[in-house]
Amino acid sequence: MVLLDAAAPESGLGYEWCAAALGRERVLAAPAPGAWLSVGTASKTTLLLASPAPAALFPLGDIYGSALAGLCPPWNPPAPIRDLADAAGGPEALDAALRRWADERRPLPEALAILPAPAAALVRDALFANRFARRHCGLVPKLSSRTPGIDLWE
Amino acid sequence: MRESLPIAVAQLDARPQELDGNVARGSAAAGEASVPLLLTPELSLTGYDLRDATATVACPLAAGEPLPGPFAALADISGHIVVGLVERGPDEVPYNALVLAERGRVRHVQRKLYLPTYGMFDEGRYFGRGERLQPVALPNGWLGGFLICEDFWHPGLAYVLAAAGADVICVAAAAPGRGVWQGGEHGDFASAEAWELIARTTAALYSVYVLLANRVGVEGGVSFAGGSLIVGPTGDVVARGSSHGPALLHATLDPAELARARRPAHHGRDDRPALVARELQRLGLAS
């Protein structure tokens, strides 16, 4: 397995997950000769709102970005996510709205109602733009009530 | 006349399509438990996430006949064992089934009646629906009913079994774990709380033992939640499995305990299944 973006703060957690599951000798920092699977470190926030570099496995993909930042600081989102979080009033506010939609299954307008109106519009547009990518993301180990690639099909 | 019956619930892992390995796990659990009746989880002999391999692992079953193929190895087990596998019906339709086997021979087959086909579940795509619910004689004079996973979330089925005189309801499940962040009172998954609520309520409402064997292990990113249970006829939890890792739960079904649970209230005695049936029909809900 090859860990993409090995320099990211969360890559350490991703590495430990892969190592625990498969053995340290199977997790590489760069592709090597022979077959290998790519491992991404995208959070659930990123999988919902953006299109990360394709990977076969996203071990952190059912953990919201704000929670991931608590596990392995600092917060390290892609630029589009950072912009959305700034508009929302911070990563926790953004993820709270996403949690209302994805995990609590509230209708989207109701879920985003806790955000400032401009931020709600941006988040709505990002969810719509990325709906195909998140249906076909790589394998995400299930932790929550709705998980990208397993049972989150909106 | 019921006599005390030692039983066990085996909380097992299973690997999709690895029939020999799964049979070995079941056999080992039976050997360790050494009881007249052992309950294992849903699809314990085949694994859960079979998809197009469902037809490949399906096997024909006939009452009184030996279990076929790799499942014949269960003949070495001295007591009764309840195992999950895929039945190939006479119509060539595969069914998610529980089999009560004794010395490798089929004593009873219960097909899954409700096939979850929503969210992460796609059973309706691969399995045919069972159409019948039938309690069956267990060792030592007990009468048991079998339900498979989603079936337990349709309370009418437990009602039918209780109305038919079942003393113990055996539930075999492959329930995924959800809600790690919230956590559960007794384990890692919040989702286990609902299963315990249903099991305890069912036991208390009908004054029956409830045995719940839920599997553990991981398939396709989904962790199965474990948390197997043995619940007494007053609704008290007698034994509980952890949320991770195989486990073996033991209890003894006690006729005196059953009798105490059914006194002084007489819900069972006073229940009127004919009234329920008549009202369902009158309301146009039952053809």
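Here the structure is shown first, and the text comes after it.
Residues numbered from 1 in each chain as written. Chains lettered and ligands numbered in written order. Predicted model: local features only at pLDDT ≥ 70, side-chain atom pairs only at ≥ 80, totals over all residues. Heavy atoms only, no water.

Some thoughts on the sheet that holds strand E5 (residues 105-111) of chain B
Residues and elements named next belong to chain B. Read from one edge to the other, the open sheet built from six strands follows the order E5-E4-E3-E2-E1-E14, with strand pairing classed as mixed. Because the sheet does not close on itself, it has two edges, and the strands there are E5 and strand E14 (247-253). Taken over all neighbouring pairs, the strand axes of this sheet differ in orientation by 30° on average, direction set aside. (Pairing = 2+ DSSP bridges. Helix = DSSP H or I, 4+ residues; strand = E, 2+ residues; numbered from the N terminus. Axes fitted to C-alpha atoms, helices over the stretch in contact; angles between N-to-C directions.)

Quick look at the packing of aromatic side chains
Using the criterion set out here, one finds six aromatic pairs over all chains in the structure. Here Tyr118 of chain B and Phe121 of chain B contribute two aromatic rings whose centre-to-centre distance is 5.5 Å and whose plane-to-plane angle is 75°, an arrangement assigned as edge-to-face. Owing to a relative accessible area of 43%, Tyr118 of chain B belongs among the partly exposed residues under this scheme. Seen in terms of ring centroids, Phe152 of chain B and Trp195 of chain B are 6.3 Å apart; in terms of plane orientation they differ by 25°. Their pairing is stacked. Of the two residues, Phe152 of chain B sits in the loop between strand E7 (143-148) and helix H4 (155-163) while Trp195 of chain B sits in helix H5 (residues 192-206), which places them 43 residues apart along the sequence. Each member of the pair, Phe152 of chain B together with Trp195 of chain B, is buried. Taken together, the ring pairs in this structure connect Phe152, Trp153 and Trp195 of chain B into an aromatic cluster. One cation-aromatic arrangement involves Arg131 of chain A over Phe128 of chain A; the distance from NZ or CZ to the ring centre is 3.8 Å. (Phe/Tyr/Trp six-rings, centres within 6.5 Å; stacked < 30°, edge-to-face > 60°. Buried < 20%, exposed > 50% of the residue type's maximum accessible area, 1.4 Å probe, protein only. Lys NZ or Arg CZ within 6 Å of the ring centre and 35° of its normal.)

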